[in-house]
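An overview of the molecular structure
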Amino acid sequence: LYLGRRRNRERIRSLPSEVVEALYEILDPSSPQNPFCGAASRWRAYTIFLLLLHQGLRRGELLALTTDAIKRGIDRRTRASRHWISVTFNEYEDDSRYSTPSIENAVSVRQIPVSEMIAAVVTEYIVNYRGRPNHSFLINSQKQRPLSTERITKMFAKVSNALSPGTRKVLLETTDSDSISPHDLRHTCAVIRLNQFLASGVEMTDALERLRAFFGWARDSQMPRKYARAVFEHRIMSIWEEKFDDRVEILRNI
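My aim in this report is to walk through the structure given alongside it, one point at a time. (Residues numbered from 1 in each chain as written. Predicted model: local features only at pLDDT ≥ 70, side-chain atom pairs only at ≥ 80, totals over all residues. Heavy atoms only, no water.)

A word on the pattern of salt bridges. Evaluation of the coordinates by the stated rule reveals nine salt bridges. Of the charged contacts, one joins E61 and R58 as a salt bridge, the two residues approaching to 2.5 Å between their closest N and O atoms. Each of the two residues, E61 as well as R58, counts as buried. Here D95 makes a salt bridge to R97, at a shortest N to O gap of 2.8 Å. We classify D95 as partly exposed; its relative accessible area is 23%. When salt bridges that share partners are traced, they join R58, E61 and R110 into one network. (Salt bridge = Lys/Arg side-chain N within 4 Å of Asp/Glu carboxyl O. Buried < 20%, exposed > 50% of the residue type's maximum accessible area, 1.4 Å probe, protein only.)

If you want it as structure tokens, here you go:
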């Protein structure tokens, strides 16, 4: 008698709204709950959090960003000012980090829109808190070196420990884990973006293709369909009514 290995249910670890709201409050650079010491450390963590959550970047993509990754231009159709971020390899220098961050594949090299507020946060970090290191990577460490993947992991462990017992309980009940990883924010961003597309009247097929382009998935990747299933799960039906990119709190300290 052959018993096949039991397959665990594959889950999309989208964070519930209560947890995301708690993260906004904790990582606000002026928050008394903020677990990081010093303005530079707080703004570094805040910038990382917003780029992962709002742009859905992978950890390696975030750490590969350069200081000029966010571009600004004029929309020819509307004449409005637009920002976008170039997710690509660092063309200026080689990466000397032990665990070298990388772009997953050629499809992952992309340009994605950035709200004016996210662009303002990144500019604030660069101008006032990044320092003046001799490298071109956006996220800088306290030792004036490109931030490592290990430091990102430790940062999120510290953030997870700063959550209240009630919030960690909600997190455990919905994700089967009481800690947060950088990739959880990418999952959350994908679910929010898909909800936005569908709410604006975009057909599911078109919405999934937009999701594929935004997150840098290959043509044969099944990830968009997994998120489509997750959208209809009960735990993410309480999507925030506020517009995702228009949170006033983001600009409180700028």
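Moving on, we get to the packing of aromatic side chains. Tallied over the entire structure, the rule returns five aromatic pairs. Centre to centre, the rings of Y24 and F49 are 5.3 Å apart; their planes meet at 80°, and the pair counts as edge-to-face. Here F49 lies in helix α2 (residues 39-55) and Y24 lies in helix α1 (residues 17-27), a separation of 25 residues in the sequence. By relative accessible area, which is 1% here, F49 ends up buried. Judged by centre distance (5.0 Å) and plane angle (55°), the ring pair of F214 and F215 falls under tilted. Note on accessibility: F214 and F215 belong to one class, buried. Cluster of aromatic residues (ring-pair linked, three or more members): W43, Y46 and Y129. Note that R97 overlies the ring of F137, its terminal NZ or CZ placed 4.5 Å from the centroid. Across from the ring centre of F197, 5.7 Å away, lies the NZ or CZ of R210, which sits over that ring. (Phe/Tyr/Trp six-rings, centres within 6.5 Å; stacked < 30°, edge-to-face > 60°. Helix = DSSP H or I, 4+ residues; strand = E, 2+ residues; numbered from the N terminus. Lys NZ or Arg CZ within 6 Å of the ring centre and 35° of its normal.)

Below, the discussion takes up unusual backbone geometry. For Q144, which is not glycine, the phi dihedral falls at a positive 65°. Position of Q144 relative to the elements: it lies in the loop between α4 (116-128) and α5 (149-162).

Residues L23, I48, L51 and L62 are the most contacted members of the largest nonpolar core, which totals 59 residues. Considering each element in turn, this core owes the most residues, nine residues, to α2. (Core = buried A, V, L, I, M, F, W, Y, C linked by side-chain atoms within 4.5 Å.)

Time to look at the sheet that holds strand β3 (residues 110-114). What the three strands build is an open sheet, ordered β1-β2-β3; its pairing is antiparallel. Strands at the two margins of the open sheet, each flanked by one partner only, are β1 (70-74) and β3. Taken over all neighbouring pairs, the strand axes of this sheet differ in orientation by 35° on average, direction set aside. By the bridge criterion, five bridges tie β1 to strand β2 (residues 81-87) in an arrangement that is antiparallel. From the neighbouring strand, I74 faces β2, where its bridge partner is S81. (Pairing = 2+ DSSP bridges. Axes fitted to C-alpha atoms, helices over the stretch in contact; angles between N-to-C directions.)

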